[in-house]
Every structure is written in C-alpha cells, then in structure tokens.
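Overview (structure and organization)
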Amino acid sequence: KPFVMELMMDPSVALLHTKLGELVRLELFHPEWYLQALCMWRGSAFLVWCHLRPSASLAGMLFLSCVGGYAEFRGPIGNLKLAETLGFLPYFAAGYTFPQGWLHAFSSKRSPMKVTAALLFVVAWIELIIPMLAQGALPDAHGSYTCCAAGEV
C-alpha cells in the first residue's frame with residue numbers, strides 16, 4: 001500500500017529507488033503488521049499446532065507469547081513486527097483452540113436468562129475482576145515488556 005500509493009502521488013525514479021530499498025530491507029510493511037501476524041499465526045498452526053492436542057497448543061502459544069514479550073527484536077527482524085505477533089498470539093490461540101461444539105451447543109439453547117448471565121459475567125470480569133488483579137499499568141501487546149518504563153527485566 002505505501003509503495004503503490006506514494007508512487008502514484010510522486011512518480012519519480014528516486015522515490016522508486018527509495019521504496020525498493022525499503023522493500024529489500026523489510027521496512028516497507030510497518031502499517032500492515034496485522035496481516036504479517038495473521039500469516040505467521042496461520043503458518044505456525046499449519047506447521048506446529050495442528051499436530052498437538054488443543055490444550056497443548058494453547059499452552060505452547062501462551063508460553064511463546066509470554067517469553068516473546070521479554071525479547072527485543074531490533075534491526076531487520078524487528079521490521080517483521082514479531083513483538084506484536086507474539087503479543088496478540090493469545091487471542092489467536094483462544095480462537096484456534098476453543099471447542100466449536102460448545103459454541104454451537106450454547107447458541108442452540110439460548111434463553112434470555114442465559115444471555116443476560118453471560119453479559120453480566122463479561123461486564124463483571126472487565127469492570128471488576130481485571131482491575132482488582134491488575135495493580136498498576138499492564139504492558140500492551142505492541143512491543144516488548146522492557147519498554148515504557150518497565151524497568152530492568
């Protein structure tokens with residue numbers, strides 16, 4: 001996207017040379033980190049996680065995400081946005097390992113009481129439980145745990 005759009009706005013040989021250099025150094029893809037992460041998640045599911053039990057896959061992805069938060073990805077490998085990929089891996093893991101049969105069973109037997117109970121649980125979890133468990137600021141998933149005044153790790 002930045003490659004094509006900027007060249008459409010300023011079609012010059014110098015800009016083309018600059019953009020090709022950024023492409024070779026993997027610096028052109030900063031805004032599309034989510035697409036890269038999705039490709040890495042699906043590729044790892046195909047190569048690794050589909051061969052394990054869902055519980056082992058979930059544990060492995062959560063462990064990988066936690067360990068990846070303490071790694072510093074700099075230079076060309078930092079341009080692959082591995083910190084974001086590993087930071088948001090638990091959300092992919094939850095969706096990948098969740099038993100779909102449970103979802104179908106729950107959705108087929110919905111009642112207003114069950115929907116209200118589920119909604120109250122989610123609201124209570126977000127508004128009451130998480131703030132009690134999280135004393136202080138939590139790191140976001142857009143980088144290493146060592147950033148943002150996290151201190152020495």
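Structural data are supplied above this passage.
As a starting point, this report considers the structure included with it. The structure presented is a predicted model; accordingly, all values stated were derived computationally and were not measured.

Another point: the overall build of the protein. Looking only at helices and strands, the protein features 8 helices and 0 strands. When the helices and strands of the protein are listed from N to C terminus, the series reads α-α-α-α-α-α-α-α. Counting every position in the protein, which comprises 153 residues, the buried fraction comes to 23%. Sequence-distant contacts, at least 24 apart, represent 70% of the contacts inside the protein between residues at least 6 apart. Accessible surface computed for the protein: about 11200 Å², of which carbon and sulfur atoms make up 72%.

Here we come to the pattern of salt bridges. The tally for this structure, following the rule as stated, stands at 2 salt bridges. The closest approach of N and O atoms between Lys19 and Glu22, which form a salt bridge, is 3.2 Å. Of this pair, Lys19 and Glu22 both sit in helix α2 (residues 13-24), 3 residues apart, roughly one helical turn. An identical accessibility class is assigned to Lys19 and Glu22; each is buried. In this structure, Glu72 engages Arg74 in a salt bridge whose closest nitrogen and oxygen atoms are separated by 3.5 Å. The class for Glu72 is partly exposed, based on a relative accessible area of 41%.

Among the surface-exposed residues, Phe121, Val122, Trp125, Ile126, Leu128, Ile129, Ile130, Met132 and Leu133 lie close enough to one another that they form a single nonpolar patch of about 900 Å² accessible area. Residue Phe121 is classed as exposed on the basis of its relative accessible area, which comes to 55%.

Let us look at the packing of helix α4 (residues 54-68) against helix α6 (residues 89-97). Here α4 crosses α6 at 175°, and the two axes come no closer than 9 Å. Taken together, the axes of α4 and α6 lie roughly antiparallel to each other. Residues Pro54, Ser57, Leu58, Met61, Leu62, Leu64 and Ser65 of α4 lie in contact with α6, whose contacting residues are Leu89, Pro90, Phe92, Ala93, Ala94, Tyr96 and Thr97. Among the residues making up the contact of α4 with α6, the classes are represented as 11 nonpolar, 3 polar and no charged.

Further remarks concern the nonpolar core. Core analysis: the biggest nonpolar cluster contains 11 residues, these being Trp33, Ala37, Trp41, Ala45, Trp49, Met61, Leu86, Phe88, Leu89, Phe92 and Ala93. Going through the elements one at a time, α3 (33-47) and α6 are the ones with two or more residues in this core. Per-element tally for this core: the top contributor is α3, with 4 residues. Ignoring sequence-local partners within four residues, the contact set of Leu89 consists of Trp41, Met61, Leu64 and Ser65.

All right, on to the side chain of Thr85 then. As for its placement among the helices and strands, Thr85 is situated in helix α5 (residues 82-87). Setting aside residues up to four positions removed in sequence, Thr85 forms contacts with Ala37, Met40, Trp41 and Leu80.

To continue, consider the environment of Ala37. Along the chain, Ala37 falls in helix α3. Taking the C-alpha atoms as reference points, Ala37 and Glu84, 47 residues apart in sequence, are found 7.4 Å from one another.

This part is about the packing of aromatic side chains. Where two aromatic rings form a pair, the distance of their centres and the angle of their planes describe that pair. What the rule picks out here adds up to 5 aromatic pairs. Ring plane angle 15° and centroid distance 5.7 Å describe the contact between Phe92 and Tyr96, whose orientation is recorded as stacked. With Phe92 and Tyr96 both in helix α6, this residue pair falls 4 residues apart, about one helical turn. Taken together, the aromatic side chains of Tyr34, Trp41, Phe92 and Tyr96 make up a single cluster linked through ring pairs.

Close contact between α3 and α6 brings their axes to 11 Å; oriented N to C, the two are set at 50°. The angle between the axes of α3 and α6 places the two elements in the oblique class. Crossing of α3 over α6 shows right-handed handedness. When α3 is examined against α6, the residues Trp41, Arg42 and Ala45 are found in contact with a partner set consisting of Leu89, Phe92 and Tyr96. By residue class, the composition of the contact of α3 with α6 is 5 nonpolar, no polar and 1 charged.

What counts as what
- Residues numbered from 1 in each chain as written.
- Predicted model: local features only at pLDDT ≥ 70, side-chain atom pairs only at ≥ 80, totals over all residues.
- Heavy atoms only, no water.
- Helix = DSSP H or I, 4+ residues; strand = E, 2+ residues; numbered from the N terminus.
- Buried < 20%, exposed > 50% of the residue type's maximum accessible area, 1.4 Å probe, protein only.
- Contact = heavy atoms within 4.5 Å.
- Areas by Shrake-Rupley, 256 points an atom, 1.4 Å probe, with all protein chains shown as cover.
- Salt bridge = Lys/Arg side-chain N within 4 Å of Asp/Glu carboxyl O.
- Patch = residues over 30% accessible without salt bridge, like charges linked within 9 Å, V, L, I, M, F, W, Y side chains within 5 Å.
- Axes fitted to C-alpha atoms, helices over the stretch in contact; angles between N-to-C directions.
- Parallel < 35°, antiparallel > 145°, perpendicular 65-115°, else oblique.
- Nonpolar A, V, L, I, M, F, W, Y, C, P; charged D, E, K, R; others polar.
- Core = buried A, V, L, I, M, F, W, Y, C linked by side-chain atoms within 4.5 Å.
- Phe/Tyr/Trp six-rings, centres within 6.5 Å; stacked < 30°, edge-to-face > 60°.
- Left-handed = near helix turned anticlockwise from the far one by under 90°.

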